[in-house]
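Below, each chain spelled out in residue letters.
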Amino acid sequence: MKTLRECVKEAEDKGVAIGHFNISNLEALHAIYNAAKKLDVPVIIGVSEGEEKFVGREEAVALVKVIRERDNYPIYVNADHHYSFETVKATIDAGFDAVIIDGANLSFEENVKVTKECVNYARKVSSETSRDILVEAELGYIGSGSNIKDTIPEGAGIKTDPEEARKFVELTGIDMLAPSVGSIHGLIKSGKPHIDTELVKKIRQTAGVPLVLHGGSGLRDEDFTNGVKAGISIVHINTEIRVAYVEGLKKSLADKPEEVAPYKVTEPAEKAVEKIVENRLKLFNMMK
Ligand code: G3H
Ligand code: ZN
């Protein structure tokens, strides 16, 4: 089985990106996996601190691992947006393949400090085991929360400076960087700004590590394709699939008010998530 690091390298060589999708439940996991399997592409399952509390830290690892081992399929689990060394350490200890220390709201120095601590721990565990844990960090603020927003939140959208990115990677030794290049977390009712592809190119060059695009929901198709061509290796999507799930569920409950089997009630919601994931994966993998 390829490691996630190898999959990221392969994606970069091919000029495509790996899709990262968050889950809160088993239906979403199945939907994401079904879509990825249909297209035969690697995929990353994300759980944020909140999602992890709901799904269960060890449960998230076990669910993904069982699919990977049973089907010999490149599916990985990432601890998405964790805000302290303690929570990052807990996810590493639980067996996550990758972690994101999100110090975007901290000063540059504080962000470096906490990120470095996480990198050191991941390296220590990786060298003591047969694992290769990837550490990602965020620089530049793109807002928080996979929800529906009226407008771009105050303070969000400050783009990452390429020189600062270079310094940050050098000081921390991270494996991947999440820069701020035009996207914002969540679905913005008034629309999102375009991805600044020139900036993506510059940051990829100066930072020297694979780049991860966060806040994928609501971006235009060409933002993804141009962003990937410019140097994005992983794309995160969450709000769009949350919306698809809830809308699918509401419709199912309204259409069949007598249905009481949970797996039948949630089936349309799962299908709706699968469709979104499939369409996004086609774009990230430059498929027609
Ligand atoms: O880490 C999660 C993502 O960046 C999701 O962003 O909710 O805008 O799709 P999104
Ligand atoms: Zn994110």
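Above: the structure in question.
The structure contained in this document is the topic of the report that follows.

Criteria and thresholds
Each chain carries its own residue numbering, running from 1 in the direction its sequence is written. Labels follow written order: the first chain is A, the first ligand is 1, and so on. Local features in this predicted model are restricted to residues whose pLDDT is 70 or higher, and side-chain atom pairs enter the listing and the counts only when it is 80 or higher, whereas totals over whole chains, interfaces and linings include all residues. Remark: hydrogens and water are excluded; side-chain values derive from all non-hydrogen atoms of the structure. Per the convention used, a helix needs a DSSP run of H or I reaching at least four residues, while a strand needs a run of E reaching at least two, with both numbered from the N terminus. Categorising residues by exposure relies on relative accessible area from a 1.4 Å probe, with only protein chains included: less than 20% of the type maximum marks a residue as buried, more than 50% marks it as exposed, and the intermediate range marks it as partly exposed. When charges are counted, Lys and Arg contribute as positive and Asp and Glu as negative, whereas His and the chain ends are disregarded. The term salt bridge refers to a pairing of a side-chain nitrogen on Lys or Arg with a carboxyl oxygen on Asp or Glu at a separation within 4 Å. Think of a polar contact as two N or O atoms within 3.5 Å of one another; within protein, one of them needs to be a possible hydrogen donor and the other a possible acceptor, and neighboring residues in sequence only count if both atoms come from side chains. We call two residues in contact whenever any of their non-hydrogen atoms come within 4.5 Å of each other. Here a Phe, Tyr or Trp ring, Trp counted by its six-membered ring, pairs with any other such ring whose centre lies within 6.5 Å, and the pair is stacked when the planes are under 30 degrees apart, edge-to-face when over 60, and tilted otherwise. What counts as an axis is a line fitted to C-alpha atoms, over the stretch in contact for a helix, and the angles between N-to-C directions run from 0 to 180 degrees. Here is the rule for angles: anything less than 35 degrees is roughly parallel, anything more than 145 is roughly antiparallel, 65 through 115 is roughly perpendicular, and the remaining ranges are oblique. A clockwise turn of the near helix away from the far one marks a right-handed crossing, whereas an anticlockwise turn of less than a right angle marks a left-handed crossing. Side-chain classes are defined by residue name, with Ala, Val, Leu, Ile, Met, Phe, Trp, Tyr, Cys and Pro counting as nonpolar, Asp, Glu, Lys and Arg as charged, and the others, Gly among them, as polar. In this description, a nonpolar core means a group of buried Ala, Val, Leu, Ile, Met, Phe, Trp, Tyr and Cys residues linked to one another through side-chain atoms lying within 4.5 Å. Classification remark: right-handed applies to a crossover when, strands pointing away from the viewer, the course from the first strand over the helix to the second runs clockwise. Summary of the distance rule: residues count as near a molecule or strand when at least one heavy atom falls within 4 Å of that molecule or strand. Methods summary: accessible areas were calculated by the Shrake-Rupley approach with a probe of 1.4 Å, and residue burial reflects only the protein chains presented.

Turning next to the side chain of aspartate 102. With respect to the helices and strands, aspartate 102 occurs in the loop between strand S4 (98-101) and helix H6 (108-128). Of the side chains with opposite charge, lysine 149 lies nearest to the buried aspartate 102, which makes no salt bridge, at 11 Å. A polar side-chain atom of aspartate 102 sits 2.8 Å from a polar atom in the side chain of histidine 81. In this structure the side chain of aspartate 102 is engaged in a polar contact, spanning 3.0 Å, whose partner is the backbone nitrogen of alanine 104. Dropping the residues within four chain positions of it, aspartate 102 is found in contact with His81, His82, Tyr83 and Glu138.

Quick look at the packing of aromatic side chains now. Inspection of the entire model under this criterion finds 4 aromatic pairs. Centroid distance phenylalanine 108 to phenylalanine 168: 5.9 Å. Interplanar angle 65°. Geometry classified as edge-to-face. Placement of the pair is phenylalanine 108 in helix H6 and phenylalanine 168 in helix H7 (residues 162-172), with a sequence separation of 60 residues. Using a relative accessible area of 15% as the deciding quantity, one classes phenylalanine 108 as buried. On the basis of relative accessible area, phenylalanine 168 is assigned to the buried category, the value being 0%.

Further remarks concern the packing of helix H5 (residues 85-94) against H6. Between H5 and H6, whose axes approach to 10 Å, the crossing angle comes to 20°. One element, H5, and the other, H6, form an angle in the roughly parallel class. The crossing of H5 and H6 is right-handed. Where H5 abuts H6, its residues Phe85, Val88, Lys89, Ile92 and Asp93 lie against Val114, Glu117, Cys118, Tyr121, Ala122 and Val125. Its residues placed into classes, the contact of H5 with H6 shows 8 nonpolar, no polar and 3 charged.

The tendency in soluble globular proteins is for nonpolar side chains to be buried as a group. Phe21, Ile75, Leu177, Leu281 and Phe284 are the most contacted members of the largest nonpolar core, which has 72 residues in total. Beyond its immediate stretch of four places on either side in the chain, leucine 177 contacts Ala137, Leu139, Ala165, Phe168, Ile203, Ala207, Val209, Pro210, Leu211 and Val212. Core analysis: the second largest hydrophobic core is formed by 13 residues, Val8, Ala98, Met176 and Ile234 among them.

Moving on, we come to the pairing of strand S2 (residues 43-47). Among the 5 residues of S2, 5 are classified as buried, and the element is accordingly described as predominantly covered. Side chains Val43, Ile45 and Val47 project from S2 onto one buried face, and the interleaved Ile44 and Gly46 project onto a second face that is buried too. Running through helix H2 (residues 26-39), the crossover from strand S1 (residues 18-22) to the neighbouring parallel element S2 is right-handed.

Around ligand 1 there are 16 residues in total, and Asp80, Ser146, Gly215, Ser217 and Thr239 lie nearest to it. Between glycine 186 and ligand 1, the recorded distance is 2.8 Å, taken from a backbone N or O atom to an oxygen atom. One of the side-chain nitrogen or oxygen atoms of threonine 239 is found 2.5 Å away from an oxygen atom of ligand 1. Isolated, ligand 1 exposes 300 Å² of accessible area, and the fraction of that covered by the protein chains is 99%. Only strand S3 (75-82) and strand S10 (232-237) provide two or more residues apiece to the shell around ligand 1. When grouped by side-chain class, the residues that make up the shell around ligand 1 number 2 nonpolar, 12 polar and 2 charged.

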